[in-house]
Amino acid sequence: MNWKTVWSLALVGLLMGFLSVGGFTKHYEFWFWLLFSGITIFILLKKQVSKLFLHAFLIGLSWGILNAVVQCAFFNSYFSNNPQLQASFDGIPLAQARWYMLLTGPVIGLMVGIALGGLAWLGKKFFG
């Protein structure tokens, strides 16, 4: 395992967390994640890491966890800078909304990790 690569690419989760807290991602968050996924897969393929799927999986998992931690730590700013979020949590106490986000972060990260690992594996088959 190349832990330096995993942890350096995991910082994308922190970056996206802070961008979303500031309200900079709004309607473009999917495209940001897609861009960072492509860059991550490209870097992993260039470094020719062994256990490519596992590396990509751990990076995706960490993205979900780190992103959720940042959003929960700065929840009031995140909530006020993302009005579309306010509609989805309408009628739910803010403390419960914060816990909901914190608990779903790892689940989303798990799904992203599987997708990122699968895409990295496909990238290796076609371009590696």
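The rules behind each value
Residues numbered from 1 in each chain as written. Predicted model: local features only at pLDDT ≥ 70, side-chain atom pairs only at ≥ 80, totals over all residues. Heavy atoms only, no water. Helix = DSSP H or I, 4+ residues; strand = E, 2+ residues; numbered from the N terminus. Rg over C-alpha atoms; globule rule 2.2 N^0.38 Å. Buried < 20%, exposed > 50% of the residue type's maximum accessible area, 1.4 Å probe, protein only. Contact = heavy atoms within 4.5 Å. Areas by Shrake-Rupley, 256 points an atom, 1.4 Å probe, with all protein chains shown as cover. Patch = residues over 30% accessible without salt bridge, like charges linked within 9 Å, V, L, I, M, F, W, Y side chains within 5 Å. Salt bridge = Lys/Arg side-chain N within 4 Å of Asp/Glu carboxyl O. Polar contact = N/O pair within 3.5 Å; in protein donor to acceptor, adjacent residues only side chain to side chain. Core = buried A, V, L, I, M, F, W, Y, C linked by side-chain atoms within 4.5 Å. Expected span 1.5 Å × (residues − 1). Arc of directions from axis to C-beta.

Trainee: Before we go on, may I ask you to explain the overall build of the protein in this structure?
Mentor: On a plain count of helices and strands, the protein comes out with six helices and zero strands. Along the protein, helices and strands appear, N-terminal first, in the series α-α-α-α-α-α. Taking 128 residues into account, the globule formula puts the C-alpha radius of gyration at 14 Å, and the protein, at 15 Å, falls close to it. With the C-alpha coordinates aligned to their principal axes, the bounding extent of the protein is approximately 50 × 25 × 20 Å. Looking at the protein as a whole, 38% of its 128 residues qualify as buried. Once local pairs closer than 6 in sequence are excluded, the contacts in the protein between residues at least 24 apart make up 74%. Accessible area of the protein: about 7,700 Å², with a carbon and sulfur share of 72%.

Trainee: It is not clear to me how a nonpolar patch on the surface should be interpreted in this structure. Could you clarify?
Mentor: On the surface, F53, L110, I114, L119, W121, L122, F126 and F127 cluster together to form a nonpolar patch covering roughly 890 Å² of accessible area. At seven residues, the largest contribution of residues to the nonpolar patch is made by helix α6 (residues 94-127). The residue F127 is located in helix α6 in this model. Owing to a relative accessible area of 73%, F127 belongs among the exposed residues under this scheme.

Trainee: What is the right way to look at the environment of N2 in this model?
Mentor: Secondary-structure assignment places N2 in the segment before α1 (3-21). Spatially, the C-alpha atom of N2 lies 7.1 Å from that of V49, the residues being 47 residues apart in sequence. Ignoring anything within four residues of it in the chain, the contact list for N2 reads V49 and H55. A distance of 3.0 Å separates a polar atom in the side chain of N2 from a polar atom in the side chain of T5.

Trainee: Just to check I follow, could you spell out the nonpolar core for this structure?
Mentor: What tends to happen in soluble globular proteins is that the nonpolar side chains get buried as a cluster. Within the largest apolar cluster, 15 residues are counted, with the highest numbers of intra-cluster contacts made by V12, L44, I59, W63 and L116. For this core, the secondary structure elements donating two or more residues are α1, α2 (29-47), α3 (52-73) and α6. Every residue in contact with L44, bar those within four places of it in the chain, is listed here: T5, L9, V49, L52, H55, A56 and I59. Core analysis: the next-biggest nonpolar cluster, separate from the first, contains 10 residues, F75, F79, F89 and M101 among them.

Trainee: When you look at α2 in this model, what are you seeing that I'm missing?
Mentor: The periodicity of an α-helix, 3.6 residues per turn, causes residues three or four positions apart to be oriented the same way. Helix length check: α2 (19 residues) gives 27 Å between terminal C-alpha atoms against 27 Å at 1.5 Å per residue, within 8%. Those residues of α2 that sit buried are W33, F36, S37, T40, I41 and L44. Burial along α2 is one-sided: seen end-on, the buried residues are contained in an arc of 140°. Exposed residues lying more than 90 degrees from the buried face of α2 are W31, F42 and K46. Immediately beyond the C-terminal end of α2, within one or two residues, lies Q48, with a positive phi of roughly 50°.

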